[in-house]
Amino acid sequence: HNNEKLAKLRKWKKEAYQFVDIFHTPTERAKEALVKEGVDHGESSVITNRIDLQKFKSINRVGHKKPLVITVARHVKEKGIKVYDQVAQSLVKHADFRWVTSQDYQHMPDIYQSADIFYLPSQSTIGWEEQYGMGLVEAMASGLPIVTTTSGAIPEVVADAALISDPQDVVSHIKNIKSLIHDNERYAEYANRSIKRAQIYDSKKVAKKLTTLYRL
């Protein structure tokens, strides 16, 4: 029931639910939200977001003196700036941290390939939760082990390919990152899980599903 404070938006949503034949949502969680607002189960189809696996791909990484942990997200509180700062400060002796915001998209594959771990500390508030987190998909395709939170649709997007904990559990975030830094087998396990999970977001596979949807 977001975007209903203004009469114009309430009217727009009402008309959409009345006249739209099929809603395409990227997650089951988004579909559930539509159902709660009155959309029939059969009027929505879940098809994931997609990524070009020819551009975003895993490489043999050259070990850094200290592992590089990156966050790719808007620099806003919902994405977990405060938690990020606490974690980065606590792990300053163990890893380097980099928060990436606005970049030309063509440079993003190289940015992921330059890193060792992906960290997305998204938070949940009264009016917001992570709806997808496309950086998670890009990181998985790049073969990065992931540390993230239970905010919104994140558990659905990453499945078992990430170390997940409560958004505000800073101690758990630190523990998860340290486990990847100091345990090579665990690191390799979650890197492989990322690569495997990324296959369902292959743009070619998703395109076929979208083609089928729009032919209905």
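Quick note: structure is the one above.
What comes next is a walk through the structure. Every value quoted in this text rests on a predicted model; they were computed, and no experiment measured them.

Now for the side chain of Glu130. Residue position: Glu130 is located in the loop between strand S5 (117–120) and helix H5 (134–141). A polar contact of 2.9 Å, which involves the side chain of Glu130, links it to the side chain of Lys79. If we skip the residues at most four places from it in the chain, Glu130 touches Lys79, Leu120, Ser122, Ser151, Gly152, Ala153 and Ile154.

A few words now on the pattern of salt bridges. Side chains that differ in charge, positive against negative, can pair when their charged atoms come close. Inspection of the entire model under this criterion finds seven salt bridges. Salt-bridge contacts for Lys13 lead to Glu37; the nearest nitrogen and oxygen are separated by 3.2 Å. Highlighted residues: Lys13 in helix H1 (residues 7–19) and Glu37 in the loop between helix H2 (28–36) and strand S2 (44–46), separated in sequence by 24 residues. Side by side, Lys13 and Glu37 carry an identical accessibility label, which is buried. Between Lys66 and Asp96 there is a salt bridge whose closest N-O contact spans 3.4 Å.

Moving on, we get to the nonpolar core. Among the nonpolar cores identified, the biggest contains 49 residues, and Phe97, Phe118 and Ile177 are the most heavily contacted of them. If sequence neighbours within four positions are ignored, Phe97 has contacts with Leu68, Val69, Tyr84, Val87, Ala88, Leu91, Tyr119 and Ile177.

Looking now at the sheet that holds S5. Strand order across the open sheet formed by five strands is S4-S3-S5-S6-S7, with parallel pairing between neighbours. What marks the edges here is a single partner per strand, and that holds for strand S4 (96–100) and strand S7 (163–165). Sheet twist, expressed as the mean angle between neighbouring strand axes with direction ignored, is 20°. Sheet topology note: the S5/strand S6 (residues 146–149) ladder contains three bridges and is parallel. Across the sheet, the residue bridging to Leu120 is Thr148, located in S6. Seen against the sheet, helix H3 (residues 81–90) touches strand S3 (68–72), S4 and S5 and runs at an angle of roughly 160° to S4.

This part covers unusual backbone geometry. Not every positive phi belongs to a glycine, and Ala159 is a case in point at roughly 55°. Mapped onto the elements of the fold, Ala159 is located in the loop between helix H6 (154–158) and S7. Accessibility expressed as a relative area gives 34% for Ala159, which makes it partly exposed.

Calculation rules
- Residues numbered from 1 in each chain as written.
- Predicted model: local features only at pLDDT ≥ 70, side-chain atom pairs only at ≥ 80, totals over all residues.
- Heavy atoms only, no water.
- Helix = DSSP H or I, 4+ residues; strand = E, 2+ residues; numbered from the N terminus.
- Polar contact = N/O pair within 3.5 Å; in protein donor to acceptor, adjacent residues only side chain to side chain.
- Contact = heavy atoms within 4.5 Å.
- Salt bridge = Lys/Arg side-chain N within 4 Å of Asp/Glu carboxyl O.
- Buried < 20%, exposed > 50% of the residue type's maximum accessible area, 1.4 Å probe, protein only.
- Core = buried A, V, L, I, M, F, W, Y, C linked by side-chain atoms within 4.5 Å.
- Pairing = 2+ DSSP bridges.
- Axes fitted to C-alpha atoms, helices over the stretch in contact; angles between N-to-C directions.

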